[in-house]
Amino acid sequence: MKIVQFTSFGPPHEVTDCVEVDDVGVPLDDEVVVEVEAFPINPVDLLTIAGDYAIKPVLPAIPGSEGVGCITRVGIDVSNVAPGDRVILMGRDNWVQQRKVKHHQVLKVPHGVDVLQLAMLKINPATAWLMLHDYETLNPGDWLIQDAANSGVGHNIIRLAKASAIRTVNVVRRAALIEPLTAIGADVVLVDGDDLPARVKSAADNAAIRLAIDAVAGDICMRLADCLTDGATIVNYGLLSGKPCMLRSDQTIFRGITLTGFWLAKVLPKMSFDDITALYGQLAGRIADGSLHVDIEKTYPIEDIRTAIAHAGRSGRSGKILVTPNGVLPAQGHA
Ligand SMILES: NC(=O)c1ccc[n+]([C@@H]2O[C@H](COP(=O)([O-])OP(=O)(O)OC[C@H]3O[C@@H](n4cnc5c(N)ncnc54)[C@H](OP(=O)(O)O)[C@@H]3O)[C@@H](O)[C@H]2O)c1
């Protein structure tokens, strides 16, 4: 079978290769074998391969923070899934044709749902949902503000907020995104700039905004804070600018703005199995009914992993980059 592997940390499209290895073999009593149908290339994967992420794997390593596939074999003690079930992979190392994992490292998802969307279920929809609900109590009509609004997480936030009648100010770095983000339910879309707070106040009718969701860090945090009401929260979950989060002391001391961080890898292990199942069950339901959806720019075969990675690393994309390691999916994965 084929796997993606990197033997040194460095530019992801240079240090990563598709290599042939032995099949995973027979599962142990508590294991399952999954034939991987699709996986996305996320910023976390690129950071990990570059050696710039919080988790540094032992080399040689297989990248891959998420993926979806079908169970082909189960050990004799496994009862939560059966051959033929579709599952998402809850662990790492997923850029492969086959995975052999413990039975509790997979979550069953429904058939008849867009496979490519399910491949992106584990990280971004859950991140969006938890950041929307775990920091400030927002009611219908309330506002939030987010940056990097064109990201996968950003799309999920727009759609989830819209479904709860929460209004969103969406900050982007190029004007071409105003129309497509408005089309999926964004209330306000603004290009970042020094006068962002004044434009936000005007577009949101001077509403008291209590939640900012930030993936960029750097000095945009100060501009976001200037858009917020006193005592509000900024949740930082990404490091897209590569710069530290910056706030002025008048924002933290006199206005009581709180800056905190969100990391799904820390939050999920604290949740009960029932809560995790319920979270992903309702998010998969939203994918099934079409209310959660992230655009896809292109899918690649696993052999073209370097081209796929280079594509995923480019700015100005219209959607995510995915890989279908066992060949093109029927009807482009919408089965
Ligand atoms: N903490 C967590 O648990 C967690 C979970 C999920 C994701 N994340 C993080 O969330 C971020 C988004 O992930 P994703 O998978 O949603 O990303 P994605 O779909 O691959 O999209 C990346 C987006 O980032 C924008 N971007 C890149 N560099 C930027 C910069 N310097 N300033 C402003 N915008 C920038 C791009 O804008 P253009 O369209 O203009 O190129 C693009 O819209 C990443 O940092 C990721 O690591 C964190």
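Within the element layout of this structure, T16 appears in strand β2 (residues 16-20). Overall, T16 belongs to the buried group, with 24 C-beta atoms counted inside 10 Å. Each C-alpha atom of the pair T16 and R255 lies 47 Å from the other, and the pair is 239 residues apart in sequence. Filtering out sequence-adjacent residues up to four positions away, T16 remains in contact with V4, F6, I49, I305, R306 and I309.

The next point concerns the sheet that holds strand β11 (residues 211-214). Ordered by their spatial adjacency, 6 strands build an open sheet running β10-β9-β8-β11-β12-β13, and the pairing between neighbours is parallel. In this open sheet, the two edge strands, each paired with only one partner strand, are β10 (188-191) and β13 (258-261). The mean inter-strand angle of the sheet, taken between neighbouring strand axes irrespective of direction, is 20°. Relative to β10, helix α7 (residues 196-203) is tilted by about 165°, and along the sheet it contacts β8 (143-146), β9 (167-172) and β10. Sitting on the sheet, helix α8 (residues 220-227) is in contact with β8, β11, β12 (233-236) and β13, with an inclination near 165° to β11.

Here we take up unusual backbone geometry. The peptide bond linking L59 to P60 adopts the cis configuration, its omega dihedral lying at -5°. Mapped onto the secondary structure, P60 falls in the loop between α2 (43-50) and β4 (68-74). Its identity as a non-glycine residue notwithstanding, D205 has a phi of 55°, on the positive side. For D205, the position within the fold is in the loop between α7 and β11.

Around the ligand, a shell composed of 27 residues is seen, among which S151, G152, G238, L264 and S315 lie nearest. Broken down by secondary-structure element, the contributors of at least two residues to the shell around the ligand are α2, α4 (124-133) and α5 (152-163). Within the shell around the ligand, the residues separate by chemical class into 13 nonpolar, 10 polar and 4 charged.

Core analysis: the largest hydrophobic core is formed by 47 residues, its most contacted members being V34, I88, L118, A119 and L121. At 6 residues, strand β3 (residues 31-40) tops the list of elements feeding residues into this core. By size, the runner-up hydrophobic cluster in this structure holds 44 residues, among which are A161, I166, V172 and L181.

Cut-offs and rules
Residues numbered from 1 in each chain as written. Predicted model: local features only at pLDDT ≥ 70, side-chain atom pairs only at ≥ 80, totals over all residues. Helix = DSSP H or I, 4+ residues; strand = E, 2+ residues; numbered from the N terminus. Buried ≥ 20, exposed ≤ 12 C-beta atoms within 10 Å, placed from the backbone. Contact = placed C-beta atoms within 7 Å. Pairing = 2+ DSSP bridges. Axes fitted to C-alpha atoms, helices over the stretch in contact; angles between N-to-C directions. Near = placed C-beta within 6 Å. Nonpolar A, V, L, I, M, F, W, Y, C, P; charged D, E, K, R; others polar. Core = buried A, V, L, I, M, F, W, Y, C linked by C-beta atoms within 7 Å.

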